[in-house]
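# Fold and contact review
The primary structure of each chain is shown beneath.
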Amino acid sequence: MKKYIIALGLFVPTLLFGQIDRSIRPEAAPAPTINIKDSEVFKTDNGITVILSENHKIPRVSFNLVVGSDPVLEKEKTGLSDIAGTLIMSGTSNRTKDVLDNEIDNIGATLSADNNSIYMSSLTKHMDKGLTLMSDVLMNANFPESEVDRIIKQNESNLTSTKSDAGSMAQNATAAANFPKGHPYGEIMTFETLANIDRSSIVDYYKTTFSPKGSYLVVVGDITLEETKKMVEKYFGSWTGPQPNQTDWGTGKFNSGNRVIFVEKPGAVQSVIYVSFPMNITPSHPDYLKLKVLNNIMGAGGFASRLMQNLREDKAYTYGCYSSINVTEDGSWFSAGGNFRNEVTDSAITQILFELEQIVDDYVTDKELSLAKSSMAGSFGRSLERPSTIARFALSIIRNDLPKDYYQTYLQQLEGVTKQDLLEVAQKYWTASNCNIVVVGNEEVVPDLGKFDADGKIERLDAFGNPKVEKIPSDLTADEVLNNYLSAVLPNISASKSKKLAKKRKKFLSGIESMEVVIEMTSAQIPFPITTKSIWMAPNIRGQLMEGQGMTFSSSYSDGKTGQQQAMGVGKSEMTPEEIAASNKSMGIIPEFNYTSTGMEYEVIGIENFNGRDCYVLKLNDGKTVSFEYFDKETFLKAGTVSIETEGEETQEVTSTYEDYVLVNEIMFPSTIKVSTGEANLEGKVVSRTINAEIDLAPYKK
Amino acid sequence: MKYILLSGILSILASNVIGQREIEYLEYDLDNGIHVILHEEHATPIVAVSVLYHVGSKNEQPDRTGFAHFFEHLLFEGSENIDRGEYSELVEKNGGALNANTSQDRTYYYEILPSNQLELGIWLESERMLHAKVDIEGIETQRSVVKEEKRQRVDNQPYASFITETFSRMFKEHPYNWVPIGSMEHLDAAQEEDYVNFYRTFYVPANATLSIAGDIDIEQTKAWIDKYFGSIPKGEAINLYRDAENLSPDEFKKKYNVELDALDLKKFSPQRDPQANELVKKYSAMPIEIPRPEKATEQLNSVIKDVVYDNIQLPALFMAYRFPDQSHPDFHALEMMNDVLSGGASSRINKNLVEKQQIAQFAFSFAYGLEDAGMGIFAAIAAQGKDLDSIQMAFDEQIDRIKNELISKEEFEKIRNQYENQFVSTNSTIAGIAESLADNHVYAGGAEKINTELDEYLAVTREDIQRVAKKYLTQDARIILHYLPMEENPDNK
């Protein structure tokens, strides 16, 4: 070990240095070179390309196995690879999930997997144990039914929340527009394709995809070549599998002329806009780095970037407007956009297209170029401390056939990028006149969008990027739908075709004084169960409690005149007169019975598919919340509600679905209720529903 | 039997492999007293530039608490040569990242920059040390920022006051009596002069450790350090320099009896003007006395039991024991004892109180090591309907067990693995190495500790752990705090 301790007083700096002008700021020294050692590469008999990046700085080693298969079309089982990827860590034929988790923790290792790779990192001394676990998962994952069910259910909830998440809808539409059907990037999971995924197709995916042939094993860290060869033989030598799938998917679909695509999100107060186009480039092309610099200046460089400066700082249309480039072997695209207030939707599109035009027509400034270079150089440099970055680089060099010193010389290459280069790549790959302009938002913004479309015709897609099926006009009036619903929920009372049916129902309902419902809710996002208790008392007292872990998360109470709510972390608030007025429009144990007299606005807007069932759709407005109620076309029971509450510029959308109706006190009530808010999905089972019970109001009024 | 023996030998061999990976560094003092530590490694083209000031909340006056932490904010306001708000901008514009933090014992600032911006980083930190903006405008701005921070991190966090509550009961004399966030009233009451004096006392070369790690050229780095830090005046001369920049000619003349004009700030030592030169020489020779408390000697002699009413829903129990300071020979064993009790999901406290008995929602313990004293804390939030006495009994059961029985070989092996992992991850980044070197120099008796500390942990035996448990987990001398919901406060009814 070398160590120098230089005695105090050896330096007399004030004498060595004459004058110092502290107001002069230091200049940067020349860009440094990167000390990334060349990797060792060898191939195993069973077809694995092993890439070793030796680095003995710290006694840690990582193994990242990436399979060689190109993406495949999943068609009617779209989503299969993602689901299979999530499930790989669910246990093996030798270890249950719990055992596996424990063994990983005991050696302080990391082991993770996705649909085409498995990663393990540990201290060098625990490498053997870590590789034992890694190879077990790689070869013996056993996908227990219970875990398959859990993950599929979780994905169902995610799909439900997609419909209330404008950002996901915009991504789906952008993927569908740039990569039409027939390209894997254009395939989007829906309820229908999810329903087709079962354990055997997952096992099949795992067996065909996870194969040594054509795969890459990137080894980084404290290990020698000799030792790597030994380890690979010991833990991966016996691994077998089929030839990987190789498909050249080509590029996306280029437009001639701008194309506007609209996805409706009822009640939205903001539009999500993505302006995108495919690019004919792969990661190995020398233009890629120049495009990254160009994109940094356009909209990926924080506050200084052009989109941010124009649309946020100058015009105040948005909180943020960004651009991104996605460059892969199987297809590449550009996208720019953000969230914008409804009334500036068209102005925002105009400005995004303006910025694209500018950057294609003219040089960037020297200041923009130098800022982009230094911020990119800085984050590149800092990223190198992570071993995973080195692993990614080593793999990228082999896979993309890059020069061996590509990342070593990255900073010099970056420094060498000129304004001329940027103008050239802008003109080669970017366009302001052949874009896909995706807008997710409120119907009211549509009339202003026509002017952007080359042929003036706006295409409409649904939440999952499929052509929107126009609503079928309803053959019933709103009152007829409601009447059929009341017959469905009061089947016995309504059985006799009496002329006095309305009176009979009213009399029956007036005999009901109160109801208490307890629901146990679970959610993948919340690690413990939640209990909600709701009460109703005639004429219009309502209360709700949400509890879990011995704590009360929220409580609310209203009696038609006053009301209050309290939520953890938010505090207590009184209901405003508007909120009271709105709540009084839903009165009674079956509020639909009273719509005609409470002043609730309601209209039938057509027949639409809701979670796979055709439903009559009723649009309601109580003055505070707009909601859409879906009544099953066959049974007339309510299948779900989508309610949209607007608070300033934010909208909160809640989707509830009702299933498993049962008869309680002559009334049909759902016993499964799912609630999705975009952030969280909850699945509720009704534990008890008590009619005309004594109710203690105190806890609700707290 | 043979297998166990073999794996035992293997793990000893493996741990020696780690021990041999020395972190190389070089250290020296500048004439003005700044301690410099340099670690050169070229794996990644980045550098971490850090300055540790040996000042924390324990150096504050009892009626001016919160100052050390306040300065952590204030010293980003700029300097004579850096405009307000420009400090972070300069770092970010040049591809870097920066941050700072404050404890009872230290205030720590750092930048991570591309290595070709090393000179910028050295200049930035030297500006902060020599002549940061400590003025009323910055003070006002940062007062509101710090108040917001306290609201978010302390006042609005249920149970967050337990650190304040335990420290104030454990230390009646030592300034660990209060915690770094301090008192907002004190910050409000303080005048500009109080802030300026704090800066003049603690932000001086002899109180600073400059630690630089990463892709550096040692000779070039030393030259830049000499230029920017070496030129910072020694002793009281730094405050003479600051006065020359801040006082009017009249004020300066009055205070020093030398014309301000006579002083050349760009070439401060030696001065051309003989009178000015005498002045600088005189003040350079005057050391700055940095007030530091003595190590805490006060002991806890009895059980202190108290109730704290807080804005909470579930009651909680906090127990505190007096531990020795972090450099005491027993402290490593106490840390490892704590990991047996509370290191991770499979530890004793979690398994027993949370999973098996289900009397606590969360339960944990930790060993709090500081420069002048230490503390062992046991904490649990009660499960719904469970009382705090049953939690205390369960804690006591675990405490009795670790005092009366040796820990199992498996537990021992697991915590040793945890320490090795922790050691490796701390030293896997240059920012981590720069910080460890500076910390070890100031608080652990030398930077070299970075290479020997793991061996010290690995030298701790199961018997040591049992011994320190018996010595420090004193059931007749501890603090027991019951946290109860505000509604249960009889004074509120």
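Residues numbered from 1 in each chain as written. Chains lettered and ligands numbered in written order. Predicted model: local features only at pLDDT ≥ 70, side-chain atom pairs only at ≥ 80, totals over all residues.

### Observations regarding the overall build of chain A
Secondary structure assignment for chain A yields 21 helices and 26 strands. In chain A, once contacts between residues fewer than 6 apart in sequence are set aside, the share between residues at least 24 apart is 68%. (Helix = DSSP H or I, 4+ residues; strand = E, 2+ residues; numbered from the N terminus. Contact = placed C-beta atoms within 7 Å.)

### So, unusual backbone geometry
Look at the link from Ala538(A) to Pro539(A): it is a cis peptide, with omega at -5°. With an omega dihedral of 0°, the bond running from Ser269(B) to Pro270(B) counts as a cis peptide bond. Relative to the elements of secondary structure, Pro270(B) occurs in the loop between helix 11 (249-256) and helix 12 (274-285). Positive phi, close to 75°, is recorded for Glu666(A), a residue that is not glycine. Relative to the helices and strands, Glu666(A) resides in the loop between strand 24 (650-664) and strand 25 (667-676).

### Some thoughts on the interface of chain A and chain B
Each partner contributes to the interface: chain A provides 52 residues, whereas chain B provides 55 residues. Breaking the side of chain A that touches chain B down by element, the ones donating at least two residues are strand 1 (4-6), helix 1 (13-16) and helix 13 (366-383) of chain A. Of the residues forming the side of chain A that touches chain B, the biggest block, eight residues, is contributed by helix 13 of chain A. Here the residues of the side of chain A that touches chain B sort into 27 nonpolar, 15 polar and 10 charged. (Nonpolar A, V, L, I, M, F, W, Y, C, P; charged D, E, K, R; others polar.)

### Quick look at the confidence of the model for chain A
Residue and element names in this part refer to chain A. Of the residues in chain A, 96% have a pLDDT of 70 or more, and the chain-wide mean is 88. Looking across chain A, the model is least confident in strand 1, with a mean pLDDT of 34, and most confident in helix 16 (residues 419-429), with 98. Below a pLDDT of 50 lies the segment residues 1-17, which in the model reaches 29 contacts outside its immediate sequence neighbourhood of four places, other chains included. (pLDDT = per-residue confidence, 0-100.)

### Some details on the packing of helix 14 (residues 348-356) of chain B against helix 15 (residues 388-404) of chain B
Residue and element names in this part refer to chain B. Contact geometry for helix 14 and helix 15: axes closest at 11 Å, N-to-C directions at 150°. As the angle between them shows, helix 14 and helix 15 are arranged roughly antiparallel. Crossing handedness for the pair helix 14 and helix 15: right-handed. Judged by residue contacts, Arg348, Ile349, Asn352 and Leu353 of helix 14 engage Ile391, Ala394 and Gln398 from helix 15. Here the residues of the contact of helix 14 with helix 15 are counted per class, giving four nonpolar, two polar and one charged. (Axes fitted to C-alpha atoms, helices over the stretch in contact; angles between N-to-C directions. Parallel < 35°, antiparallel > 145°, perpendicular 65-115°, else oblique. Left-handed = near helix turned anticlockwise from the far one by under 90°.)

### Remarks on the sheet that holds strand 11 (residues 479-485) of chain B
All names here are of chain B. Across the sheet, which stays open at both edges, the five strands sit in the order 7-11-8-10-9 with mixed pairing between neighbours. The sheet is open, and its two borders are formed by strand 7 (304-310) and strand 9 (360-369), each paired with just one other strand. The average angle at which neighbouring strand axes cross in this sheet is 15°, direction not considered. Strands in contact with helix 14 are strand 9 and strand 10 (374-382); relative to strand 9, the strand with the most contacts, it is inclined by about 155°. (Pairing = 2+ DSSP bridges.)

### Comments concerning helix 6 (residues 166-178) of chain A
All names here are of chain A. The first and last C-alpha atoms of helix 6 sit 18 Å apart over 13 residues, in line with the 18 Å expected at 1.5 Å per residue. Here helix 6 lies mainly inside the structure; 12 of its 13 residues are buried. For helix 6, every residue scored as buried is listed here: Ala166, Ser168, Met169, Ala170, Gln171, Asn172, Ala173, Thr174, Ala175, Ala176, Ala177 and Asn178. Check the buried side of helix 6 and you find it contacts helix 5 (145-162), strand 8 (259-264), strand 9 (270-279), strand 11 (332-341), strand 12 (436-441) and strand 13 (459-461). (Expected span 1.5 Å × (residues − 1). Buried ≥ 20, exposed ≤ 12 C-beta atoms within 10 Å, placed from the backbone.)

### Quick look at helix 6 (residues 162-170) of chain B
All names here are of chain B. Taken together, the buried positions of helix 6 are Thr166, Phe167 and Met170. Taken around the axis of helix 6, the buried residues stretch over an arc of 95°, which confines them to a single face. Packing partners of the buried residues in helix 6 comprise strand 8 (316-323), strand 10 and strand 11. (Arc of directions from axis to C-beta.)

### Examining the pairing of strand 2 (residues 40-43) of chain A
On any regular strand, side chains alternate: one points to one face of the sheet, the next to the other face. All names here are of chain A. Where strand 2 and strand 3 (residues 49-54) come together, four bridges link them in antiparallel fashion. The residue of strand 3 that forms the bridge with Phe42 is Val50. Hairpin connection of strand 2 to strand 3: five residues between the antiparallel strands, including Gly47 at a positive phi of 105°.

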